[in-house]
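Architecture and fold: a report
Below are the chains, spelled out letter by letter.
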Amino acid sequence: MNSTITVLPGDGIGPEVAAEAVKALDAVASRFGHDFDLRYGRIGGNAIDDFGTPLPDETLEMCRDTDAVLFGAVGGPKWDDPNADTRPEDGILAVRKGLGLFANLRPVKVFPAVVNSSPIKPHLLDGVDIMVVRELTGGLYFGRPKKRWNTSRGRRAVDTLRYAEKEIERIVRVGFELARSRRGRLASTDKANVLATSRLWREIATETAADYPDVELEHIYVDNLSMQIIRDPSRFDVIVGENTFGDIISDEAAVLAGSLGMLPSASLAGLPAEGGRRRRIVSLYEPIHGSAPDIAGRGVANPIGMALSAAMMLRYSLGLREEADAIERAVDGALAEGYRTPDIAADGGDIVGTTQMGDIIASLTSG
Ligand code: IPM
Ligand code: MG
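This section reports on the structure supplied with the text. (Residues numbered from 1 in each chain as written. Chains lettered and ligands numbered in written order. Predicted model: local features only at pLDDT ≥ 70, side-chain atom pairs only at ≥ 80, totals over all residues. Heavy atoms only, no water.)

Let's shift gears to the overall build of the protein chain. Per the secondary structure count, the protein chain includes twelve helices and 14 strands. The C-alpha radius of gyration of the protein chain comes to 20 Å, within 12% of the 21 Å expected for a compact globule of 367 residues. Across its three principal axes, the protein chain shows a C-alpha extent of roughly 55 × 50 × 40 Å. Relative to its 367 residues, the protein chain shows a buried fraction of 54%. Counting only contacts in the protein chain whose residues sit at least 6 apart along the sequence, the fraction spanning at least 24 positions is 76%. For the protein chain, the accessible surface area stands at approximately 15,400 Å², while carbon and sulfur atoms represent 50% of it. (Helix = DSSP H or I, 4+ residues; strand = E, 2+ residues; numbered from the N terminus. Rg over C-alpha atoms; globule rule 2.2 N^0.38 Å. Buried < 20%, exposed > 50% of the residue type's maximum accessible area, 1.4 Å probe, protein only. Contact = heavy atoms within 4.5 Å. Areas by Shrake-Rupley, 256 points an atom, 1.4 Å probe, with all protein chains shown as cover.)

Pairing of strand S6 (residues 143–151) with strand S7 (residues 154–160) involves six bridges; the strand directions are antiparallel. Of the residues in S7, the one forming a bridge with Gly143 is Thr160. (Pairing = 2+ DSSP bridges.)

Attention now goes to the nonpolar core. Counting 88 residues, the largest nonpolar core has Leu105, Leu256 and Leu314 as its most contacted members. Here this core takes ten residues from helix H10 (residues 304–316), the largest share from any one element. Counting only domains with at least three residues in this core, you end up with domain 1 (1–103 + 262–367) and domain 2 (119–257). Setting aside residues up to four positions removed in sequence, Leu256 forms contacts with Val108, Val110, Ser118, Ile120, Leu125, Val128, Ile130, Ile229, Ile230 and Pro233. (Core = buried A, V, L, I, M, F, W, Y, C linked by side-chain atoms within 4.5 Å. Domains from an automatic or database assignment.)

Attention now moves to helix H4 (residues 88–98). Among the residues of H4, those classed as buried are Pro88, Gly91, Ile92, Leu93, Val95 and Arg96. Of the surrounding secondary structure, the elements contacted by the buried residues of H4 are helix H2 (45–51), helix H3 (57–64), strand S3 (68–73), strand S4 (103–109), strand S5 (129–135) and strand S12 (284–285). With its phi angle positive at about 65°, Gly100 sits one or two positions after the end of H4.

Quick look at the sheet that holds S12 now. Spatially, the ten strands line up as an open sheet ordered S2-S1-S3-S12-S11-S4-S5-S10-S8-S9, and their pairing is mixed. Here the strands that pair on one side only, and so sit at the sheet edges, are strand S2 (35–40) and strand S9 (216–221). Against the sheet, H3 engages strand S1 (2–10), S2 and S3, with an angle of about 145° to S1. (Axes fitted to C-alpha atoms, helices over the stretch in contact; angles between N-to-C directions.)

Across the interface, helix H1 (residues 14–32) lies against H10 with an axial gap of 8 Å and an inter-helix angle of 45°. If you check the angle between H1 and H10, you find them oblique. Viewed along their axes, H1 and H10 form a crossing whose handedness is right-handed. Here Val17, Ala18, Ala21, Leu25 and Val28 of H1 come into contact with H10, specifically with Met306, Ala307, Ala310, Met313 and Leu314. Classifying every residue of the contact of H1 with H10 gives ten nonpolar, no polar and no charged. (Parallel < 35°, antiparallel > 145°, perpendicular 65-115°, else oblique. Left-handed = near helix turned anticlockwise from the far one by under 90°. Nonpolar A, V, L, I, M, F, W, Y, C, P; charged D, E, K, R; others polar.)

Residues in contact with ligand 1, as listed here, are Glu89, Arg96, Arg106, Arg134, Tyr141 and Asp247. A distance of 2.9 Å separates an oxygen atom of ligand 1 from a polar side-chain atom of Asp247. Taken by itself ligand 1 offers 320 Å² of open surface, and the protein chains cover 78% of this. Each residue belonging to the shell around ligand 1 can be placed in one class, and the counts come to one nonpolar, no polar and five charged. (Near = heavy atom within 4 Å. Polar contact = N/O pair within 3.5 Å; in protein donor to acceptor, adjacent residues only side chain to side chain.)

Remember, this is a structural readout, not a statement about activity or role.
Set out below in structure tokens:
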């Protein structure tokens, strides 16, 4: 199969981990006889430095005209000025919005081999397998007005939490569809005791449930969810929530997996047809971690979340299931053989850096 993949390494550890995912893709290409045409684009703080914008037009064009996008991370202290006109993060937000990627899937799986790297007691982690479905193109991230200004009585700022019925319904449906294909349970999270948008969200989730009699729907306040996900994580199957709630909950859920560096994500403009390949409905794949400026350039970042993101890309965008399985099994294998990056080395093991871990995953992917 010939496919074009737009790779956006970004800032911080983004380029380091992206390079390792590319090794895994090269291994897939030679083992299964595919031709992946990788095209590199600029995004984030480094693009602000060189082009004055975190998302040059050319990069967005490359994202539109490709089969899939593989994204590393953006941001860093260098671009953290609160008064700056633009920030690295605006680059990825504009790609999400520009491609209509409203559904962000963040699978949270605990690898038994690294269970002790999580601060949560191991028996609570038994059987944890959660899919966080985060709304990605609405809510506080994009609502207008969004600004800050000065008044005679001090500085002010506003963000706007706004949702339209259709935006809620389409993401809730993604949650139901995924729940149907998994263990049949959907937790819809909101703050309906306080927020009008949440009351609308809850209403629409309840109405949509009529189409999914086989799925058990639970409404859960997001503050309560934040507690339950630590107290009893294995009771959750699919969790669906608005943009900001999903952002926060998915980082929290990453604690279950032992490290933020372990988790991949897929950002989709809709669920792909079963096993099918959807041309030119472009999706984006990225680890859920950030640019990790504290460890950038030291060669110690965990490339697993990025490699697993590449696997999700093969499965969802290119319809290459066996190939996706090969990368996922390679990650399992690397961990089972005792290889650990420092973030998942609570039990010791063979501690390796980013490139060695990438080499091991690529070599196991080769079969
Ligand atoms: C994430 C990140 C991003 C977000 C940042 C980098 C804009 O935290 O993907 O979870 O808030 O969506
Ligand atoms: Mg986040």
